[in-house]
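Fold and geometry: a report
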Amino acid sequence: ANFGDIFGLHWGAFMFKSQAPWHSILYTLGAFMLVWAVINMFFLRGAPQPMSLDWQIAEQEARQAEDDCQDSADCGNNLRDPEEDVRYASFLEVLMVPGLMLYSLSYMCLKLVNYALFLWL
């Protein structure tokens, strides 16, 4: 479950328990979606930068060095096992990818729409 699922479920349950009419529940969830759509329209990037993390740049440079090495005959000493240098991105490095949080919050709002429509049906 993600934040949009949980938020939509609890908001709908809260409104339902407060004896609100069913259409007011849909209007409030629609207002949340409208506000978030405006925020996304102004602040969401079209796509993240192609090389946004240091480990991606280092990986590209290593690939370029391997490609250059395949063309020349004297690079047999420079070849390394690619499995030795495997470095995975940490959780914080992944969170630093530009636009990731905005995309995840957008997904949350899509799930909010999903729950609003299920509540309506």
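Everything in this summary refers to the structure shown in the same document. (Residues numbered from 1 in each chain as written. Predicted model: local features only at pLDDT ≥ 70, side-chain atom pairs only at ≥ 80, totals over all residues. Heavy atoms only, no water.)

**With respect to the overall build of the protein chain**
Per the secondary structure count, the protein chain includes 5 helices and 0 strands. In the protein chain, which comprises 121 residues, the share counted as buried stands at 19%. A separation of at least 24 residues holds for 74% of the contacts in the protein chain among residues at least 6 apart in sequence. Total accessible area on the protein chain stands at roughly 9500 Å², and carbon and sulfur atoms take up 65% of it. (Helix = DSSP H or I, 4+ residues; strand = E, 2+ residues; numbered from the N terminus. Buried < 20%, exposed > 50% of the residue type's maximum accessible area, 1.4 Å probe, protein only. Contact = heavy atoms within 4.5 Å. Areas by Shrake-Rupley, 256 points an atom, 1.4 Å probe, with all protein chains shown as cover.)

**Details of the packing of helix α1 (residues 3-17) against helix α5 (residues 100-120)**
Helix-helix packing: each pair is described by the crossing angle between the helix axes and the interaxial distance. Between α1 and α5, the least distance of the axes is 7 Å, while the angle of their chain directions is 35°. In this structure, the crossing between α1 and α5 has a hand that is right-handed. The segment α1 lies against α5, with Phe3, Gly4, Asp5, Phe7, Gly8 and Gly12 engaging Met108, Lys111, Leu112, Tyr115 and Leu119. Taken together, the residues of the contact of α1 with α5 break down into 6 nonpolar, 3 polar and 2 charged. (Axes fitted to C-alpha atoms, helices over the stretch in contact; angles between N-to-C directions. Left-handed = near helix turned anticlockwise from the far one by under 90°. Nonpolar A, V, L, I, M, F, W, Y, C, P; charged D, E, K, R; others polar.)

**A short note on helix α2 (residues 22-43)**
Here α2 spans 32 Å end to end across 22 residues, near enough to the 32 Å set by a 1.5 Å rise per residue. Within α2, the full set of buried residues consists of Ser24, Ile25, Leu29, Trp36 and Asn40. Relative to the axis of α2, the buried residues are bounded by an arc of 165° and lie together on one face. More than 90 degrees from the buried face of α2, the exposed residues found are Tyr27, Leu34, Val35, Met41 and Phe42. In this structure, the buried residues of α2 make contact with α1 and α5. (Expected span 1.5 Å × (residues − 1). Arc of directions from axis to C-beta.)

**Some details on unusual backbone geometry**
Of note, the phi angle at glutamine 19 is positive, near 60°, even though the residue is not glycine. Summarising the element assignment, glutamine 19 is placed in the loop between α1 and α2.

**A few points about the packing of aromatic side chains**
Any two aromatic rings considered together are summarised by their centre-to-centre distance and by the angle between their planes. Inspection of the entire model under this criterion finds 4 aromatic pairs. A centroid spacing of 6.3 Å and a plane angle of 15° characterise the contact between phenylalanine 7 and tryptophan 11, whose relative ring orientation is stacked. A residue pair is termed a helical-turn pair when its members lie 3 or 4 positions apart in one helix, as phenylalanine 7 and tryptophan 11 do in helix α1 at 4 residues. With centroids separated by 5.7 Å and ring planes inclined at 45°, the aromatic side chains of tryptophan 11 and phenylalanine 14 adopt a geometry described as tilted. Taken together, the residues span about one helical turn, with tryptophan 11 and phenylalanine 14 both in helix α1 at a distance of 3 residues. (Phe/Tyr/Trp six-rings, centres within 6.5 Å; stacked < 30°, edge-to-face > 60°.)

**Topic: the side chain of serine 106**
By secondary structure assignment, the location of serine 106 is in helix α5. Setting aside chain neighbours within four positions, we find serine 106 in contact with Trp36, Asn40 and Leu44.

**Observations regarding the environment of phenylalanine 3**
Along the chain, phenylalanine 3 falls in helix α1. You can call phenylalanine 3 exposed: its relative accessible area is 53%. With 108 residues separating them along the chain, phenylalanine 3 and lysine 111 place their C-alpha atoms 8.5 Å apart.

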